[in-house]
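Coordinates in review
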Amino acid sequence: MDFTFTEEQQAVVEAAKALFADVAPDGVPSPALTPGAVADDFDRALWSRLADADLLGVLVDAEHGGVDLDPIALCLVLRESAKVLARVPLLESSAAASAVGAHGGDELRRRVLPAAARGELVLTVAASGRTGHDPAELAVTAQRDGDSWVLDGLQTAVPWAQHADLIVVPGHTSEGHTVLAVVPREQSGLAVAEQISTSGERLGELRLDAVRVAASDVIEAEGAWDGLRDLLATGTCALALGLGEGVLRMTSEYTSKREQFGHPVATFQAVAVQAADRYIDLRAMEATLWQAAWRVSTGADGALPTAGDVAVAKIWASDGVRRVVQTAQHLHGGFGADTDYPLHRYHAWAKQLELSLGPAAAHEEALGDLLAAHALG
């Protein structure tokens, strides 16, 4: 397997690095000192800059104004965004646009994709189910009624729900089929209640009470939800990797300057060993991320379904990002908990990513089920 990035993917990375270079991770109040949300909205100025740099259309085809790249390219951009805790719905909007582009009807694609690539339409996805631990597609029922669909149910912890123009909601039919409904936030029967994430950002609890959606705004293609779910999970792993790399860099800079007994603490064996362990975590997170992103991007066959590679990436990302920030706080000493120093923000974001990914043990169990169902060798 060749993990060398293409020229187009490398160009996207350079554009992302240049754009995120001026983003401050402490541009909003500290979540540790704020009783509610740290801000009323996401970073609209940064969103506009992302649109100007064509980074909102990474997964949108050229016909609809995008740059027609793949999930690997998106993960490269997400990795850079997480290093500075960029407060934008880049993953959710890009993933939703990808699902529309791959499976939506012509009218839906024409209406959504160009505006999404220009940043004029913000999309998000309801992917957490009722509790965050149950399948999202089972939390909402979808019933065909003439030339429309009727949705009923509840979805929790929807990122940026108060600010998205369109919300992609998975729902299950009476026949056990999963559809994706593209629902306007202001749709009749849809109510959004505020929730606050561990990172201090706003989430939304969606309540759908006989929400009616035109048939043209519902994606019925087999596998559309599976692909969207895998893309969201892989993108979250990319965010965890970028955040971890940013934290390890901060730790390296701090321990190289902080002196005890006349020597930088980075030269102490106990410090160096802990930092090395976390570097190994990050390299494992990176290798498993690109394996999963490659499977999601290409649909290539493997010994296991794509979900197996995504599960392995989630195992490493969920446990790895937690270990990285915990070690960083330990090696920073008191600075690790100082609200005037940005590390505590990374810890809060890391915990939110860990919660979003779910516990590694659950993914290990899912991987075990896949191994049992698919004989290897």
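Preceding block: the structure.
Conventions used here
Residues numbered from 1 in each chain as written. Predicted model: local features only at pLDDT ≥ 70, side-chain atom pairs only at ≥ 80, totals over all residues. Heavy atoms only, no water. Helix = DSSP H or I, 4+ residues; strand = E, 2+ residues; numbered from the N terminus. Rg over C-alpha atoms; globule rule 2.2 N^0.38 Å. Buried < 20%, exposed > 50% of the residue type's maximum accessible area, 1.4 Å probe, protein only. Areas by Shrake-Rupley, 256 points an atom, 1.4 Å probe, with all protein chains shown as cover. Lys, Arg positive; Asp, Glu negative; His and termini not counted. Charge placed at Lys NZ, Arg CZ, Asp CG, Glu CD. 1 Å grid on protein atoms, 1.4 Å probe; cavity = no way out; pocket = protein on both sides within 12 Å on 5 of 7 lines; lining within 4 Å. Points joined across faces, edges and corners; volume = space filled by probe spheres on them. Nonpolar A, V, L, I, M, F, W, Y, C, P; charged D, E, K, R; others polar. Pairing = 2+ DSSP bridges. Axes fitted to C-alpha atoms, helices over the stretch in contact; angles between N-to-C directions. Parallel < 35°, antiparallel > 145°, perpendicular 65-115°, else oblique. Contact = heavy atoms within 4.5 Å.

Looking only at helices and strands, the chain features ten helices and ten strands. A compact globule built from 377 residues should have a C-alpha radius of gyration of about 21 Å, and the chain, at 21 Å, falls within 12% of that. Based on the C-alpha atoms only, the size of the chain along its principal axes is roughly 80 × 55 × 40 Å. Per-residue burial over the chain gives 53% buried out of 377 residues. Summing over all exposed atoms, the chain offers an accessible surface of approximately 16,400 Å²; the carbon and sulfur share of this is 51%. Of the charged side chains in the chain, 28 are positive and 52 negative, and the gap between their average positions amounts to 4 Å.

Turning next to the layout of surface pockets. Approximately 270 Å³ is the volume found for the second largest pocket. Along the wall of the second largest pocket there are 18 residues; nearest its centre are Pro71, Ser98, Ala102, Leu231 and Val296. Going through the elements one at a time, helix H4 (90-103), helix H6 (224-257) and helix H7 (269-298) are the ones with two or more residues in the lining of the second largest pocket. Considering every element that reaches the lining of the second largest pocket, the biggest residue donor is H4, with five residues. Residues belonging to the lining of the second largest pocket are distributed by class as follows: ten nonpolar, five polar and three charged.

Before going further, it helps to examine unusual backbone geometry. One non-glycine residue, aspartate 54, lies in the positive phi region at around 65°. Here aspartate 54 lies in the loop between helix H2 (44-52) and helix H3 (71-83). Backbone geometry places alanine 157, a non-glycine residue, at a positive phi of 50°. Within the element layout of this structure, alanine 157 appears in strand S3 (residues 148-159). With relative accessibility at 25%, the residue alanine 157 sits in the partly exposed group.

Counting through the fold element by element, leucine 138 comes out in the loop between strand S1 (123-125) and strand S2 (140-145). Using a relative accessible area of 51% as the deciding quantity, one classes leucine 138 as exposed. For the pair formed by leucine 138 and glycine 171, sequence separation is 33 residues and the distance between their alpha carbons is 6.3 Å.

The next thing to look at is the pairing of strand S5 (residues 178-184). Here is the key point about a regular strand: its side chains alternate between the two faces of the sheet. Of all seven residues making up S5, six are buried, and the element is well covered by its neighbours. Linkage of strand S4 (residues 166-172) to S5, two consecutive antiparallel strands, is achieved through a turn of five residues, within which glycine 176 is found at a positive phi near 85°. Pairing of S5 with strand S8 (residues 218-219) involves two bridges; the strand directions are antiparallel. Opposite alanine 181, over in S8, you have valine 218 as the bridge partner.

Turning our eyes to something else, we now look at the packing of H3 against H4. Relative to each other, H3 and H4 sit at 170°, their axes nearing to 11 Å. On the basis of their axis angle, the class for H3 and H4 is roughly antiparallel. Of the residues in H4, those in contact with Leu74, Val77 and Leu78 of H3 are Leu90, Leu91 and Ser94. Per-class residue counts for the contact of H3 with H4 are five nonpolar, one polar and no charged.

Within the secondary structure, serine 81 is located in helix H3. Serine 81 sits in the buried class, given a relative accessible area of 4%. Excluding residues within four positions of it along the chain, serine 81 makes contact with Phe20, Ala86 and Leu239.

What follows covers the environment of phenylalanine 335. Along the polypeptide, phenylalanine 335 turns up in the loop between helix H8 (306-332) and helix H9 (343-357). Along the primary structure phenylalanine 335 and tyrosine 254 are separated by 81 residues, whereas in three dimensions their C-alpha atoms are 9.6 Å apart.

Functional significance is not addressed by these values, which are geometric in nature.
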